[in-house]
Amino acid sequence: MEKQLTGTLALAVFAAALGSLQYGYGLGVINAPQKVIQTYYARSLGLDFAPQHNEETNVTTMPLEPDSIPAALTMYWSLSVAMFSVGGIISSFMVGFVADFRGRIKGMLVLNVLAVVASLLMGLAKMGSPHIMVITGRAIMGFYCGLSSGLVPMYIGEIAPVKYRGALGALHQLAIVTGILISQVLGLDFLLGNEDMWHLLLGLSGVIAVLQSLLLPLCPESPRYLYIKLGKKEEACKSLKRFKGEYDTSKDIAEMQAEKEEALKEAKVSLLRLARSSVYRQQLFVALMMHLSQQFSGINAIFYYSTAIFHKAGVAQPVYATIGVGAVNMVFTLVSVILVDRAGRRTLMLIGLGGMCLCAVGMTVGLVYLSTYSWMSYVSMSAIFLFVVFFEIGPGPIPWFIVAELFSQGPRPAAIALAGFCNWTSNFVIGMFFPYVEAYCEQYVFIIFVMFLFGFTLFTYLRVPETKGKTFEEIAALFQKKTAPRPVAEGEMEQLKGCSLCHEMVLHVDGECAVNGSI
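Throughout this document, residue positions are counted from 1 along each chain, in the order its sequence is written. With pLDDT at 70 or above as the cut-off, local features in this predicted model cover only qualifying residues; side-chain atom pairs require 80 or more to be listed or tallied, and sums for whole chains, interfaces and linings still use all residues. To obtain the side-chain values, all non-hydrogen atoms of the structure were included, while hydrogens and water were left out.

- If you look the chain up in an unreviewed UniProt entry, it shows as Major facilitator superfamily (MFS) profile domain-containing protein from Pygocentrus nattereri.
- The heading Subcellular location (unreviewed entry) in the UniProt record of the chain holds the text "Membrane".
- Listed in UniProt under the heading Sequence similarities (unreviewed entry), the comment for the chain reads: "Belongs to the major facilitator superfamily. Sugar transporter (TC 2.A.1.1) family." UniProt positions are given in the numbering used here, feature names are shortened, and annotations may be inferred rather than shown by experiment.

**A closer look at the environment of Gly28**
- Working definition: helices are DSSP H or I runs of at least four residues, strands are E runs of at least two. Numbering for both runs from the N terminus. Along the chain, Gly28 turns up in helix H1 (residues 7-28).
- Remark: the alpha-carbon pair of Gly28 and Leu181, spanning 153 residues in sequence, is separated by 7.6 Å.

**Brief notes about a nonpolar patch on the surface**
- To count toward a patch, a residue needs a relative accessible area above 30% and no salt bridge. Like charges then connect within 9 Å, nonpolar side chains (Val, Leu, Ile, Met, Phe, Trp, Tyr) within 5 Å. For accessible areas, the Shrake-Rupley method is used with a probe of radius 1.4 Å. Any residue's cover is judged against the shown protein chains and nothing else. Here, a salt bridge means any side-chain nitrogen of Lys or Arg that lies within 4 Å of a carboxyl oxygen of Asp or Glu. Among the surface-exposed residues, Val361, Val365, Tyr369, Tyr373, Trp375 and Tyr378 lie close enough to one another that they form a single nonpolar patch of about 610 Å² accessible area.
- When you line up the elements, Tyr373 lands in the loop between helix H17 (345-368) and helix H18 (376-393).
- Residue classification places Tyr373 among the partly exposed residues on the basis of a relative accessible area of 39%. With a 1.4 Å probe rolled over the protein chains alone, any residue whose accessible area is under 20% of its type maximum counts as buried; one over 50% counts as exposed, and the rest are partly exposed.

**Points about the packing of aromatic side chains**
- Only centres within 6.5 Å qualify two rings of Phe, Tyr or Trp (six-membered ring in Trp) as a pair; their planes then separate them into stacked at under 30 degrees, edge-to-face at over 60, and tilted for everything else. Evaluated as defined, the whole model comprises 13 aromatic pairs.
- Here Phe97 and Phe101 contribute two aromatic rings whose centre-to-centre distance is 5.4 Å and whose plane-to-plane angle is 20°, an arrangement assigned as stacked. Of this pair, Phe97 and Phe101 both sit in helix H4 (residues 95-101), four residues apart, which is roughly one turn of the helix.
- Among the residues examined, Phe101 registers a relative accessible area of 55% and is labelled exposed.
- With a centroid separation of 5.8 Å and an interplanar angle of 45°, the aromatic rings of Phe446 and Phe449 are classed as tilted. Taken together, the residues span about one helical turn, with Phe446 and Phe449 both in helix H21 (residues 446-463) at a distance of three residues. Here Phe446 and Phe449 have matching classes, each one buried.
- Among the aromatic residues, ring-to-ring pairing joins Tyr23, Phe84, Trp400 and Trp424 into one connected group.
- A ring is considered to have a charge above it if a Lys NZ or an Arg CZ atom is located within 6 Å of its centre and within 35 degrees of its normal. If you follow Lys260 out to its NZ or CZ, it ends over the ring of Tyr227, 5.1 Å from the centre.

Here you go:
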């Protein structure tokens with residue numbers, strides 16, 4: 001009898017999601033100890049930089065004037081933050097290659113070598129040139145996370161039962177926000193975010209890599225990879241039974257056989273062909289827009305601005321309020337895990353984006369009238385928390401796993417690579433330019449995100465299909481209906497020829513097959 005959820009499936013999802021936990025930890029860990037690390041950089045470089053420490057409140061503050069911070073220190077700190085995203089941008093293109101070269105499990109296992117090397121560089125930073133070792137470690141960790149952020153959703157999406165694919169796919173985002181929260185808590189002054197322990201805080205992610213390396217060999221390889229990519233039916237059946245218990249695998253094998261036949265028609269889909277082919281254009285456009293909606297929703301800007309809002313609201317320790325936001329982040333990602341296979345992906349995206357749009361309006365109103373009405377600070381604080389809630393209901397977790405649902409086996413690795421590149425690049429752009437935009441627009445800065453969010457909500461309503469409870473082939477069929485070949489005009493008869501891929505008489509225009517794309 002087939003079991004939908006088994007211990008082996010739970011172990012495999014947990015082991016894979018440790019890569020996402022490490023991604024979240026890497027995203028958040030650099031923020032809390034910023035002042036301490038900058039001070040250590042300054043000492044190492046022989047620069048004149050002395051943050052003021054208030055013994056009464058036990059709070060360290062930066063010099064108020066930007067001119068008082070040495071340019072070299074600003075440059076090294078900017079590189080320490082930005083190189084994480086740069087590493088992710090570069091490696092995101094390699095997700096398909098790594099996934100197909102030796103499989104999903106071995107791919108994730110080998111990647112942990114990068115994570116351990118990065119952790120050692122940062123953990124031992126005090127023994128050498130801290131700025132060089134931290135920057136190098138952050139770049140390597142970003143490279144690891146760029147690959148991991150593609151491999152983890154791919155593997156979970158391929159092994160998850162259709163009924164629970166959304167919930168299990170959302171665990172990727174849950175692990176990310178849990179990693180961020182853990183880094184925020186451990187980064188407190190009295191734990192690891194102090195002058196004596198900051199290097200251990202940065203290097204701690206190596207523990208996650210070691211744990212994942214111990215668990216991954218116990219997990220079965222993706223049955224879809226074994227059967228569709230390698231053609232190993234017997235091993236695929238064994239893998240299916242390990243995931244679902246003893247049952248008749250013929251239905252799952254038949255589904256994979258149908259997908260394999262489609263994959264054989266599609267042949268090998270490269271990044272270039274995926275980007276150029278009209279056959280996949282609808283799916284690719286939806287996938288990229290979903291990732292753009294995640295990053296350009298303003299969520300990173302909210303986290304950037306939240307401490308200042310909490311400070312203006314009179315919160316004595318804004319860092320604890322920011323941790324509170326992180327906790328809300330995690331709790332409502334868990335809510336999304338529960339809802340995504342009941343309410344559906346499209347519905348949750350619409351609720352999330354629409355709610356964020358209203359919250360961004362509330363943020364703007366609160367900021368504009370903050371100096372006029374003191375209670376407006378609470379409007380702003382409420383808007384921040386609700387903004388995070390709506391983000392984690394839909395736009396946070398769904399883009400990561402819906403890409404794997406939108407594409408069949410042939411173009412899936414290339415699609416996930418392109419979506420990952422789009423996500424990492426957008427993240428980098430927001431991180432680099434938001435402070436400048438905020439300085440120019442001041443309290444009206446979130447009007448920009450209101451416009452973005454309204455556009456993304458409209459796009460989701462008009463163009464994003466519901467994928468809940470559908471097989472990969474059923475989802476692909478939704479887009480094939482939209483891109484079905486148009487009737488042949490009288491003057492185009494001479495352009496008809498037999499297609500070597502689909503073996504049908506179809507219209508070819510500019511070397512593009514109306515069924516299978518480029519030939």
